Amino acid sequence: MHDSGKGVSRNEKPASRRVDWNDAGAFLAVARLGTLSGAAARLGVGIATLARRIERLEAAMGVPLFVRQQSGYRLTAEGEGLVPRAEALEAAAHAFASGVDDGQEMTGRIRLATAENLATRLILPALPRFRERYPGLAIDLVTDIPTANLQRRDADLAIRMVKPERGNLSFRRLGTLGYGLYAGADYLAQHRADDYRDDAFITWGERQAHLPAARWVAAALDGREAAITTTSLHAQVVAVEAGLGLAVLPHLLTRGTDLTCLAADIGVEQDIYLVIQTDLSRAPRVRALADFLGELVIERRDWLEAPGP
């Protein structure tokens, strides 16, 4: 049995222990990959060394961060709560390492692939800050490239809601895109919209039926037909605003609208991943944009995850 309090004095509070910030990187690697062997290979260290780092961090925090299983390491509730803090440290470390003096001299083009809604509502409004920091870097922003095509060098890096499963790609989880059930004022004036059994729904077409939001709506419809199907989130927002029915939408897209959130947390949130071609992960121009995007998502985490004005 693992002793999560190993190394903590009876007279010393766990929070007073000194944390080695390198251990945060070890923690994130194990959290993302789920095994010591995979994380050790990613970090280029031995398994025994990595295990000691995890045990040292757990001792410093005073709580177990992982449940050790035959199949690998699973985060405890305390470990889950530590992930956002460790990711913030990682982003800050990347930003620090990239330096501020290089920005004036760095030149070239970077090809970024992402979803349309993230491009228009999150990334583009923030890009003036990046251009001010790195005026010599130009960006090709592409919103119609499937995740798999990153392996064919159609893009240098991507912000995606799908975790890559194969290919020579490096990735890290940046945050979460939250979803809720939304309705327009005209619809609510004519419908109760409390149990959804008689409500009209707007959802994805057949080709996108695998998406979490589409599956949630299908369950709510319980065999009934959707009132409207679309192939874009923008069209769904417009349809809800027109009073055509209810829809599951990212909170990101509803800010600044008059839509009402009927349920803020319906269990269809999606993780946001930064994905980079591994052989480009240390290229200064790619690293500069990757660090900026990591900072941006962490900075806007609350804005992405929850509904707001």
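See the structure printed just above.
The shown structure was predicted, so the numbers you read here are calculated from the model rather than taken from an experiment. (Residues numbered from 1 in each chain as written. Predicted model: local features only at pLDDT ≥ 70, side-chain atom pairs only at ≥ 80, totals over all residues. Heavy atoms only, no water.)

Asker: Would you mind showing me how to read the nonpolar core here?
Answerer: Within soluble globular proteins, side chains that are nonpolar tend to cluster in buried spots. The biggest cluster of nonpolar side chains holds 59 residues, and the ones touching the most others in it are Phe 130, Leu 157 and Ile 159. The leading source of residues in this core is helix 10 (residues 284–299), at 8 residues. In this structure, Ala 26, Leu 28, Tyr 73 and Leu 82 belong to the second largest nonpolar core, which totals 19 residues. (Core = buried A, V, L, I, M, F, W, Y, C linked by side-chain atoms within 4.5 Å. Buried < 20%, exposed > 50% of the residue type's maximum accessible area, 1.4 Å probe, protein only. Helix = DSSP H or I, 4+ residues; strand = E, 2+ residues; numbered from the N terminus.)

Asker: Got a minute to help me understand helix 5 (residues 116–133) in this structure?
Answerer: One turn of the α-helix equals 3.6 residues, which is why residues spaced by three or four share an orientation. Over its 18 residues, helix 5 runs 24 Å from end to end, which matches the ideal 26 Å to within 8%, given 1.5 Å per residue. Where helix 5 bends most, at Ile 123, the angle is about 45 degrees, and the proline Pro 125 comes one to four residues later. Within helix 5 the residues assigned to the buried category are Asn 117, Leu 118, Ala 119, Leu 122, Ile 123, Ala 126, Leu 127 and Phe 130. (Expected span 1.5 Å × (residues − 1). Bend = angle between axes of the 7 residues up to and from the residue.)

Asker: Looking at this structure, I do not really get the packing of aromatic side chains. What am I missing?
Answerer: Describing an aromatic ring pair means giving the distance of the ring centres and the angle of the ring planes. One pass over the structure, following the stated rule, counts 7 aromatic pairs. Ring geometry for Phe 130 versus Tyr 134: centroids 5.1 Å apart, planes at 45 degrees, classification tilted. The class of Phe 130 is buried, set by a relative accessible area of 0%. Ring centres 6.0 Å apart and planes at 75 degrees place the aromatic pair Phe 171 and Tyr 273 in the edge-to-face group. Taken as a pair, Phe 171 in strand 6 (residues 169–177) and Tyr 273 in strand 12 (residues 270–277) lie far apart in primary sequence, 102 residues in all. Using a relative accessible area of 10% as the deciding quantity, one classes Tyr 273 as buried. Ring pairing ties together the aromatic residues Phe 27, Phe 66 and Tyr 73, which thus form one cluster. Positioned over the ring face of Trp 303 is Arg 300, at 4.1 Å from the centre of the ring. (Phe/Tyr/Trp six-rings, centres within 6.5 Å; stacked < 30°, edge-to-face > 60°. Lys NZ or Arg CZ within 6 Å of the ring centre and 35° of its normal.)

Asker: Explain the side chain of Thr 76 to me, please; I cannot follow it from the model alone.
Answerer: Mapped onto the secondary structure, Thr 76 falls in the loop between strand 2 (72–75) and helix 4 (77–98). Given the relative accessible area of 10%, Thr 76 is considered buried. Polar contacts involving the side chain of Thr 76 include one to the side chain of Glu 78, which spans 3.3 Å. (Polar contact = N/O pair within 3.5 Å; in protein donor to acceptor, adjacent residues only side chain to side chain.)

Asker: Even after reading the chapter, I still don't get the environment of Thr 254, so can you show me in this structure?
Answerer: With respect to the helices, strands and loops of the structure, Thr 254 is situated in helix 9 (residues 251–254). Under the relative-accessibility criterion, Thr 254 is labelled buried at 4%. Along the sequence, Thr 254 and Glu 241 sit 13 residues apart, while their C-alpha atoms lie 10.0 Å from each other. The contacts of Thr 254, once residues within four sequence positions are left out, are Tyr 182, Leu 249 and Leu 259. (Contact = heavy atoms within 4.5 Å.)

Asker: So what exactly am I meant to see when it comes to the packing of helix 2 (residues 36–43) against helix 3 (residues 47–61) here?
Answerer: For any two helices packed against each other, one specifies the crossing angle of their axes together with the interaxial distance. Where helix 2 contacts helix 3, the two axes come as close as 9 Å, and the packing angle between them is 105 degrees. On the basis of the axis angle, helix 2 is roughly perpendicular to helix 3. Contacts from Leu 36, Ser 37, Ala 39, Ala 40 and Leu 43 in helix 2 reach Ile 47, Leu 50 and Ala 51 in helix 3. Of the residues assigned to the contact of helix 2 with helix 3, the class counts are 7 nonpolar, 1 polar and no charged. (Axes fitted to C-alpha atoms, helices over the stretch in contact; angles between N-to-C directions. Parallel < 35°, antiparallel > 145°, perpendicular 65-115°, else oblique. Nonpolar A, V, L, I, M, F, W, Y, C, P; charged D, E, K, R; others polar.)

Asker: I tried to follow helix 7 (residues 212–221) on my own but got confused; where do I start?
Answerer: Every buried residue belonging to helix 7 is among Ala 213, Ala 214, Val 217 and Leu 221, and all of these are buried. In a view along the axis of helix 7, the buried residues occupy a sector of 95 degrees, so they form one face of it. Of the residues flanking the end of helix 7, it is Asp 222, one or two places downstream, whose phi is positive at about 50 degrees. (Arc of directions from axis to C-beta.)

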